[in-house]
Amino acid sequence: MDLVARLRSAGCVFAEEEAALLRAEASDAETLERWVARRVAGEPLEVVLGWAAFAGLRLNVAPGVFVPRTRTRLLADLAVRHLADRPRPVVVDLCCGTGAVGLLVASRVPDVLLHAVDLDPAAVACARQNLSSVAGTVHLGDLDAPLPDALRGRVDVLLANAPYVPTDAIAAMPPEARDHEARTALDGGTDGLDVLRRVVARAPRWLAPDGVLVVECGEDQVGELAQAVSAAGLQARAVRAPDLGATALVAAPRPSPVPGPPGT
């Protein structure tokens, strides 16, 4: 069967594009056949190739590691906008996966001091490879736990592409994600917000006075997550990018009240 037909019969929507990539990247016919068999069996194309394209970047990807989605570019766009003209800005990327968001920010903003964190050792290994070109520091651990205390109150942008899929919805996800990405990178608990609530609760200790927290979430999760942001003493605004199919919440410290004149 023709390569494109094999991929299409396996459910690959962009069979022609995938076939072209596989042919271009395979070193010989044997490798090509092995890769096609893996793809037809359901492995993500990016894992088969060993790399993922993200907003013009090429990132190393390993089996089991979360493959960066195009929609997550919104987080980087918002971060870059906030960091305009800041000298030596501090950026932290939690639940970093391959390090895609942090790398995109660092490739657009000069002199970024970048720290990234993930709970998955395979993801940390990928991120260390991908962020070496921008001197990013990658930590293994749970959310902010491994961050150095010296960053407290100094973070200009705290990013988090945390898992936000409700547990019961994972079964309906495409098999490339459901069967081949780490459960911890997908499962956000009963309503999808378990990890994001923890991120929000920890954000105030790290943010600079004019810093922001930027997280990805589902459109139907904005209201509930905004309540968590308010409870943490932050103020939130939702940002939607219909062209990317993306929704983000941007949270910032509330302005300190201006004291009135004595005796008021």
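Coordinates for the structure precede this section.
Rules behind the numbers
Within each chain, residues carry numbers counting from 1 in the order of the written sequence. Given that the model is predicted, a residue must reach a pLDDT of at least 70 before its local features are reported, and side-chain atom pairs must reach 80 or more before they are shown or counted; all residues, however, enter totals for whole chains, interfaces and linings. Only hydrogens and water are set aside when side-chain values are computed; all heavy atoms of the structure are taken into account. The axes used here are C-alpha line fits, helices contributing only the stretch in contact, and every angle between their N-to-C directions lies in the interval 0 to 180 degrees. The numbering of helices and of strands both runs from the N terminus, where a helix is a DSSP run of H or I of at least 4 residues and a strand a run of E of at least 2. Here is the rule for handedness: rotate from the far helix to the near one, and if that takes an anticlockwise turn smaller than a right angle the crossing is left-handed, while a clockwise turn gives right-handed. Contact criterion: two residues are considered in contact whenever any of their non-hydrogen atoms come within 4.5 Å of each other. Ten residues, namely Ala, Val, Leu, Ile, Met, Phe, Trp, Tyr, Cys and Pro, are considered nonpolar, four, namely Asp, Glu, Lys and Arg, are considered charged, and the remaining ones, Gly among them, are considered polar. Remark: exposure states derive from per-residue accessible area (1.4 Å probe, protein chains only) relative to the maximum for the residue type, with buried under 20%, exposed over 50%, and partly exposed in between. A 3.5 Å cut-off defines polar contacts: any pair of N or O atoms within that distance qualifies, except that in protein one atom must be a possible hydrogen donor and the other a possible acceptor, and neighbouring residues in sequence count only when both atoms are side-chain atoms. Pairing between two strands requires that DSSP report at least two bridges joining them. For cavity detection a 1 Å grid was placed over the protein atoms alone, and a set of points counts as a cavity when a 1.4 Å probe fits there but cannot get out; an open set counts as a pocket when protein lies on both sides within 12 Å along at least five of seven lines, with lining residues being those that have an atom within 4 Å of a point. Grid points are joined across faces, edges and corners, and a volume is the space filled by probe spheres set on the points.

A. Representation of the packing of helix α5 (residues 73–82) against helix α6 (residues 100–108). One can describe the packing of α5 onto α6 by two numbers: an axis separation of 9 Å at closest approach and a directional angle of 35 degrees. By crossing handedness, the relation of α5 to α6 is classed as right-handed. Facing Arg73, Leu75, Ala76, Asp77, Ala79 and Val80 of α5, the residues of α6 in contact are Val101, Leu104, Val105 and Arg108. Of the residues that constitute the contact of α5 with α6, the class distribution is seven nonpolar, no polar and three charged.

B. Local environment of the environment of Tyr164. In this fold, Tyr164 is placed in the loop between β6 (155–160) and α8 (175–178). The exposure class of Tyr164 is buried, given its relative accessible area of 16%. Through-space distance from the C-alpha of Tyr164 to that of Gly192 is 4.3 Å; in sequence the pair is 28 residues apart. In this structure Tyr164 touches Arg71, Leu186, Gly188, Gly192, Leu196, Glu216, Cys217, Gly218 and Gln221, once residues within four positions along its chain are discounted. Reaching out from Tyr164, the side chain makes a polar contact with the side chain of Glu216 at a distance of 2.6 Å.

C. The sheet that holds strand β3 (residues 90–94), seen in detail. The sheet built from seven strands is open, its strands ordered β5-β4-β3-β6-β7-β9-β8 with mixed pairing. A strand with exactly one partner marks an edge of an open sheet, and here the two such strands are β5 (137–140) and β8 (234–241). Along the sheet, successive strands turn relative to each other by an average axial angle of 20 degrees, direction set aside. Contacting β6, β7 (207–216), β8 and β9 (246–253), α5 runs over the sheet at an angle of about 165 degrees to β7.

D. The layout of surface pockets, seen in detail. Each pocket or cavity is described by its volume, and for the largest pocket that value is around 830 Å³. Along the wall of the largest pocket there are 31 residues; nearest its centre are Glu46, Val67, Pro68, Arg69 and Arg71. Counting residues per element, the ones that place at least two in the lining of the largest pocket are α4 (45–49), β1 (51–54) and α8. By volume, the second largest pocket is sized at about 430 Å³. Taken together, 29 residues make up the lining of the second largest pocket; nearest its centre are Cys95, Asp118, Pro163, Thr184 and Ala185. Put simply, the parts of the chain that give the lining of the second largest pocket at least two residues each are α6, β4 (113–118) and α9 (194–202). Taken together, the residues that form the lining of the second largest pocket break down as 15 nonpolar, seven polar and seven charged.

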